[in-house]
Amino acid sequence: MSWTVGEIAVHRIDEIEFPAATGPWLLPGATAEVVSGEDWLRPDFADGGSIRLHSHSFAFEKDGMKILVDTGIGNGKTRANPAWHGLDTGYLDALAAAGFAPDEVDLVLLTHLHADHVGWNTREQDGEWVPTFPSARHVTARAEREFWAGYAMDEPRRQMFEDSVLPVERAGLLDLVDVPAAGAEIVSGVRLLPTPGHTPGHVSIELRSAGETALITGDAVHHPVQFAHPEIGASVDIDPAESEKTRRRLLAELADSRALVLGTHFTPPTGGHLVRHGSSYRLVEKP
């Protein structure tokens, strides 16, 4: 699936749909009663009273550069979450079919350093985890990397850093960027916007081209139910209050801008425009 933003074609690179049990764990406030009360979520974003969630990346070209946003869970990784453990998907084939062979990717933008956003940073080769995109700069916010550097990691998170973050860092491919309130432009028309709360250095990705705008959410918003109920936070938010504050600000800005919203965990159709509905919001699919 793809969208156009001015002269940019944005491709969704699919990995997996999460099992139904992920919803109640990740967004405990999205109860069956709450979800069932939002008819517009069905059938695409909810199955009855249960939300649906997805793992994918976004890929696009800008100024001659092939750019990837987030890299999913990855294959063959040891993960505490059984739904993510030892995957064997056709992600790289899908990426190549969209015109983004791993050796040709120039830039990888990481919204944050969680396991389901950095997994394909590396792949196994001769028993070692090596960069999947050896020619690419891997960019994330300096605040994000510095937070985890000082964090007392449990074993699953330490394992994730060891197999999916540190190999890229050791190869000299990880670039840390200071992201001010106005954002940091990485390529003309491509900005990292600070959206903290889920993690302290979390960023969303803004695209601008020929008068059109899109925003790739990362985990500032996990599911469209949070448009209707922005008070619903994720169980893994580092700072829940900051996450809600960021989300409310972001939703108001998006509804006023008519930007295309592309959700990093939204099941198909994945993208749309945010519109006001009373005191909350809804996602309307782009024609």
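Residues numbered from 1 in each chain as written. Predicted model: local features only at pLDDT ≥ 70, side-chain atom pairs only at ≥ 80, totals over all residues. Heavy atoms only, no water.

**Q** Help me get a handle on the packing of aromatic side chains, residues and values and all.
**A** Throughout the structure, instances matching the rule amount to nine aromatic pairs. For the ring pair W148 and F161, a centre distance of 6.3 Å and an interplane angle of 55° mean the geometry is tilted. With a gap of 13 residues between them, W148 in helix α5 (residues 142-149) and F161 in helix α6 (residues 155-170) connect regions that are remote in the sequence. The exposure class assigned to F161 is buried, which follows from its relative accessible area of 3%. Aromatic rings pair up to connect F147, W148, Y151 and F161 into one cluster. A cation over an aromatic ring shows up here: K66 above the ring of F100, its NZ or CZ 5.6 Å from the ring centre. The ring of W129 has K77 lying over it, and the distance from NZ or CZ to the ring centre is 4.7 Å. (Phe/Tyr/Trp six-rings, centres within 6.5 Å; stacked < 30°, edge-to-face > 60°. Helix = DSSP H or I, 4+ residues; strand = E, 2+ residues; numbered from the N terminus. Buried < 20%, exposed > 50% of the residue type's maximum accessible area, 1.4 Å probe, protein only. Lys NZ or Arg CZ within 6 Å of the ring centre and 35° of its normal.)

**Q** Any chance you could break down the side chain of N121 for me, citing the residues and the numbers?
**A** Along the chain, N121 turns up in the loop between α4 (115-118) and β8 (122-125). The exposure class assigned to N121 is buried, which follows from its relative accessible area of 2%. Side chain to side chain, N121 and T71 meet in a polar contact 3.0 Å long. Excluding residues within four positions of it along the chain, N121 makes contact with T71, V108, L110, V130, P131, T132, F133, H138, S164 and V168. (Polar contact = N/O pair within 3.5 Å; in protein donor to acceptor, adjacent residues only side chain to side chain. Contact = heavy atoms within 4.5 Å.)

**Q** Pulling in residues and values, what's your account of the sheet that holds strand β13 (residues 190-194)?
**A** Pairing within the open sheet is mixed, and its seven strands lie in the order β12-β13-β14-β15-β16-β17-β18. In this open sheet, the two strands that pair with only one neighbour each are β12 (184-187) and β18 (280-285). Averaged over all pairs of adjacent strands, the angle between their axes in this sheet comes to 35°, without regard to strand direction. Note that strand β15 (residues 212-216) and strand β16 (residues 260-262) share three bridges and pair parallel. Counted as the bridge partner of A214 is L260 from β16. (Pairing = 2+ DSSP bridges. Axes fitted to C-alpha atoms, helices over the stretch in contact; angles between N-to-C directions.)

**Q** Got a sec to walk through unusual backbone geometry? Specific residues and values, please.
**A** P43 follows R42 through a cis peptide bond whose omega is 5°. Mapped onto the fold, P43 is located in the loop between α2 (32-36) and β3 (46-47). P268 connects to P269 through a cis peptide bond whose omega is 15°. Among the secondary structure elements, P269 is positioned in the loop between β16 and β17 (271-277). A positive phi angle, close to 65°, is found at D70, a residue other than glycine. Along the chain, D70 falls in the loop between β6 (65-69) and α3 (91-97).

**Q** Could you give an account of the pairing of strand β14 (residues 203-209), with specific residues and numbers?
**A** With respect to burial, β14 is a largely interior element, six of its seven residues being buried. Bridge analysis of β13 against β14 gives five bridges, and the strand direction is antiparallel. Each bridged residue has a counterpart across the sheet, and for V190 the counterpart in β14 is L207.

**Q** Now, about the sheet that holds strand β7 (residues 107-109): what can you tell me, with residues and values included?
**A** Strand-to-strand pairing in sheets goes through backbone hydrogen bonds, with the strands running parallel or antiparallel. Pairing in this open sheet of seven strands is mixed, and the strands run β1-β2-β5-β6-β7-β10-β11 from one edge to the other. Each end of this open sheet is capped by a strand with a single partner; those strands are β1 (2-5) and β11 (174-177). Between one strand axis and the next, the sheet turns by 25° as a mean value, whatever way the strands run. Here six bridges tie strand β2 (residues 8-17) to strand β5 (residues 54-62), and the two strands are oriented antiparallel to one another. Bridged to E17 within β5 is H54. Along the sheet, α5 makes contact with β10 (137-141) and β11, crossing β10 at roughly 80°.

That's the geometry; what it means functionally is another story.
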